[in-house]
Amino acid sequence: MDIALISATIIVGLFAAYNLFHYMLFLLVTHPRDAGNIGHALNEFEERQLVEWAPKADDFLKHDDENRTYDDVFGRYRSEHDNYSRCGVEIVCVTNSPVQGEICRRKFEKFDGRVRVIVADFDGLDLPGESFDAIYALESIGYTKDLEAWLARCWQSLKPGGRLLIRSPGSLDHCRREQDYRNVTAFFENWRYNFLGANLLVFKLRRLGFSPIRYRRLPFWAWGITWNFIQHLLLWKFRLRMRTMVELEWIIWRTSKVFVFGNAYNVVLARKPVTPSPSVSVAEAARAS
């Protein structure tokens, strides 16, 4: 067998294995597990992050530094070719980016009004009660300035039986060292994004009355080698030169590797019961939180 054939076989094998790996991650994310074993208590660092890491009003639209907004950083890379799958349903999209909002409006023209976009800070939204079958937060919940109020609004906006799906990168579920917390705090100060993990989210959702709740954690080593993540990492660090990435290697080097590489990408799926439990109201749950 010649070298060329061996090389081709290896390349094809690696390509097949990498695609199989992506498919396995897809299956894990689309089949979350029951959350009965988590979300019953918060550790010290999860409680602190809710106070110390909560984004402030001045962070609105800031994604890099004091002189560059979200649109300054990402605007020219948001194009008509960015695609999100849709079915024959009515959709309301929310973004704080005017550039992204305009792109959405142009793309939505073909849907005859079934899909519309609101450009606003999602902490100030006032949506009709019990009017949505589903709410999807894609890597955005960490920007909320009041997590309890945001989740309570989701509860109020969902119809009985409606579902809330949250995707959130990073967590302090397994943070056990003060030094690790301080190191990751440096990353938050650059990114202005609160890394809300599955344990914390399940804890808050359960107190509101969501049930059942399901979740999936994908460790950093797994989602960190996906092609999508690698593309974004290279874009952020070398092309956009985002401040977020400036100290990334420093943070990883000085932080417990067990914590870093076990850190999760979180998927949480919660359902609003058809008949809500009378024991805890939304207002009571928010006060208790």
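Residues numbered from 1 in each chain as written. Predicted model: local features only at pLDDT ≥ 70, side-chain atom pairs only at ≥ 80, totals over all residues. Heavy atoms only, no water.

Across the junction of Ser211 and Pro212, the peptide omega takes the value 0 degrees, indicating a cis bond. As for its position among the elements, Pro212 is in the loop between helix 7 (198-208) and strand 8 (213-219). Even without glycine at this site, Asp112 takes up a positive phi of about 55 degrees. Assignment of secondary structure puts Asp112 in the loop between helix 4 (98-108) and strand 5 (115-119). The phi dihedral of Glu130 falls on the positive side, at around 50 degrees, and the residue is not glycine. Residue placement: Glu130 occurs in the loop between strand 5 and strand 6 (132-138). According to the relative accessible area criterion, Glu130 is partly exposed, its value standing at 46%. (Helix = DSSP H or I, 4+ residues; strand = E, 2+ residues; numbered from the N terminus. Buried < 20%, exposed > 50% of the residue type's maximum accessible area, 1.4 Å probe, protein only.)

Turning to helix 5 (residues 147-157), a few remarks are in order. Burial within helix 5 is extensive, with 8 of its 11 residues counted as buried. When helix 5 is considered as a whole, its buried residues turn out to be Leu147, Glu148, Trp150, Leu151, Ala152, Cys154, Trp155 and Ser157.

The next thing to look at is the pattern of salt bridges. Considering all chains together, one arrives at 14 salt bridges under this definition. A salt bridge links Arg48 to Glu178; its shortest N-O distance comes to 2.7 Å. Taken as a pair, Arg48 in helix 2 (residues 44-52) and Glu178 in helix 6 (residues 178-191) lie far apart in primary sequence, 130 residues in all. Classification of Glu178 as partly exposed rests on a relative accessible area of 29%. Members of the salt-bridge network, linked through shared partners, are Glu44, Arg48, Glu52, Glu178 and Arg182. (Salt bridge = Lys/Arg side-chain N within 4 Å of Asp/Glu carboxyl O.)

Alignment of strand 6 against strand 7 (residues 158-169), held across 6 bridges, turns out to be parallel. Note on strand 7: the bridge partner recorded for Leu138 is Arg167. Remark: the strand 6/helix 5/strand 7 crossover connection has right-handed handedness. (Pairing = 2+ DSSP bridges. Right-handed = clockwise from strand over helix to strand, strands pointing away.)

Along any regular strand, the residues point their side chains to alternate faces of the sheet. Pairing geometry for strand 4 (residues 91-95) and strand 5, over 5 bridges, is parallel. Within strand 5, the residue paired with Ile91 across the bridge is Val115. Each parallel crossover has a hand, and the one from strand 4 via helix 4 to strand 5 is right-handed.

It is worth spelling out the packing of helix 5 against helix 7 at this point. With their axes 10 Å apart at the nearest point, helix 5 and helix 7 run at an angle of 50 degrees to one another. By the angle between their directions, the pair helix 5 and helix 7 is classed as oblique. By crossing handedness, the relation of helix 5 to helix 7 is classed as right-handed. Every residue of helix 7 that contacts helix 5 at Leu147, Glu148, Leu151, Ala152 and Trp155 is listed here: Leu200, Leu201, Lys204, Leu205 and Leu208. Classifying every residue of the contact of helix 5 with helix 7 gives 8 nonpolar, no polar and 2 charged. (Axes fitted to C-alpha atoms, helices over the stretch in contact; angles between N-to-C directions. Parallel < 35°, antiparallel > 145°, perpendicular 65-115°, else oblique. Left-handed = near helix turned anticlockwise from the far one by under 90°. Contact = heavy atoms within 4.5 Å. Nonpolar A, V, L, I, M, F, W, Y, C, P; charged D, E, K, R; others polar.)

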